Amino acid sequence: PMLTELDPSIPSEGTLDPLGLYSIADALASRLVPGVRQRQSHPRFLTAVAVGLELTDSFPDEIATPDGSEPWQVYEWYVVQGLVDRLGSEYPEEIKGLPGREKVAKTLEENIPLSAIRYLKTPGTFGFHGVYRVLARDLKIEDGEKLGELGASLVDIWSKEQKLNGFTGVAEGVGKSLKADLRDAILESLRLGAVSKKRNWKQWDFFKNHFSPYRAGEQECELIFQALSNLSAPLRHETITFLCSHEGQLIWKHDQSERVFHQSLCKIASSDMSALLKTIDLYERFSRILKDAFDDCLTAMTQKHSTVLPSELAQINTVQTAGATIAALFNELSDRLQPFSLSTRFEESFSVFRQETDAVSWVQILLEHHRKIQSRKPPNGK
């Protein structure tokens with residue numbers, strides 16, 4: 001009998017956001033720093049996104065691999081594999097925070113071509129395009145799935161600083177032949193449904209030499225910084241300005257705490273920024289109380305190999321704290337979210353916690369809330 005390749009196991013994602021807290025947290029964060037997300041760690045991936053749009057700009061519409069992976073995805077396979085293979089062993093710190101690096105490292109170790117089944121389950125969310133695309137669109141690096149105005153400027157500056165003449169425009173140069181090689185590799189891999197180039201391909205060093213997260217050119221860095229701190233997004237500008245100040249740098253390097261950073265920023269913040277930071281702080285307190293109680297309930301249920309009664313869970317300190325404080329926090333938070341047009345969404349999601357009750361009833365409400373959140377997750381609940 002012939003054995004097929006082993007299909008990798010797909011872990012359950014049911015543990016993500018078990019209490020439905022993410023939506024409002026994300027909405028508040030989007031007001032503070034539009035386009036910026038927690039998983040973003042290397043601004044230079046914005047350049048990689050822009051270069052990918054340049055490379056695939058003239059590809060035929062609707063082109064994809066047999067399993068449906070689009071050109072941007074195949075390009076992402078090449079970028080991540082190139083960085084992992086050429087930087088991972090010698091400079092592992094440089095690829096820290098690179099989405100998909102563990103998956104790619106495993107395929108390299110097993111000497112298997114990278115493909116959709118070997119990569120991230122939802123690359124459009126957790127790959128570097130998925131992580132950085134929302135910011136790329138906000139900054140007009142990408143516009144309508146094409147290279148935007150800032151994106152074109154970024155690729156132009158990048159290619160000049162990297163001495164890749166001919167990568168853009170009609171001029172001849174080393175960049176023109178390199179661009180042709182990269183485009184051919186992507187097209188070939190689209191037909192094959194996997195990375196087509198072997199590890200001895202001469203262009204693998206391109207990704208190390210020109211996309212290393214900490215080796216960007218001075219003008220490239222300046223363009224990205226100016227875009228991020230532009231006054232068109234005043235609260236993001238205010239946040240980044242404080243972060244780059246002497247005081248902001250001392251606070252961040254010493255504490256590495258968003259809470260401490262926000263508290264210091266709030267002291268000098270504009271009225272709009274101050275109102276938002278106070279609302280974020282209150283929502284984090286509300287979320288932490290719920291999450292601590294829920295996690296402690298899970299721990300208690302795991303430690304006992306039989307049915308756990310609500311009356312037993314009600315004895316947990318965090319459950320008692322939550323039962324005694326969450327209703328008051330709910331009402332205060334609903335008022336604070338009103339100016340941000342989030343009060344209705346908050347009340348629809350968490351109205352079960354607005355009434356004061358005893359700890360036994362409260363823990364039953366908490367677990368039923370969790371059940372409903374999980375049952376609504378696509379495609380058929382978790």
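Here is a short report on the structure shown in this document. Quick caveat: nothing in here was measured; it's all calculated off a predicted structure.

Here we look at the overall build of the protein chain
Okay, so step 1: Scanning the protein chain from terminus to terminus reveals 18 helices and 2 strands.
Okay, so step 2: Split into buried and exposed, the 382 residues of the protein chain put 45% on the buried side.
Okay, so step 3: At a minimum sequence separation of 6, the contacts of the protein chain that also span at least 24 residues come to 67%.
Okay, so step 4: Accessible surface, the protein chain as shown: approximately 20,600 Å² in total, 52% of it carbon and sulfur.
Okay, so step 5: Each charge class in the protein chain was averaged separately, 44 positive and 52 negative side chains, and the resulting centres sit 2 Å apart.

Here's the deal with the pattern of salt bridges
Okay, so step 1: Tallying each qualifying case throughout the model produces 22 salt bridges.
Okay, so step 2: With a closest N to O distance of 2.5 Å, arginine 259 and aspartate 281 form a salt bridge. Highlighted residues: arginine 259 in helix α13 (residues 258-268) and aspartate 281 in helix α14 (residues 271-303), separated in sequence by 22 residues.
Okay, so step 3: For aspartate 281, a relative accessible area of 28% corresponds to the partly exposed category.
Okay, so step 4: Residue arginine 288 pairs with aspartate 292 through a salt bridge whose shortest N-O separation is 3.1 Å. Taken together, the positions of arginine 288 and aspartate 292, both in helix α14 and 4 residues apart, correspond to about one turn of that helix.

Parameters and conventions
Residues numbered from 1 in each chain as written. Predicted model: local features only at pLDDT ≥ 70, side-chain atom pairs only at ≥ 80, totals over all residues. Heavy atoms only, no water. Helix = DSSP H or I, 4+ residues; strand = E, 2+ residues; numbered from the N terminus. Buried < 20%, exposed > 50% of the residue type's maximum accessible area, 1.4 Å probe, protein only. Contact = heavy atoms within 4.5 Å. Areas by Shrake-Rupley, 256 points an atom, 1.4 Å probe, with all protein chains shown as cover. Lys, Arg positive; Asp, Glu negative; His and termini not counted. Charge placed at Lys NZ, Arg CZ, Asp CG, Glu CD. Salt bridge = Lys/Arg side-chain N within 4 Å of Asp/Glu carboxyl O.

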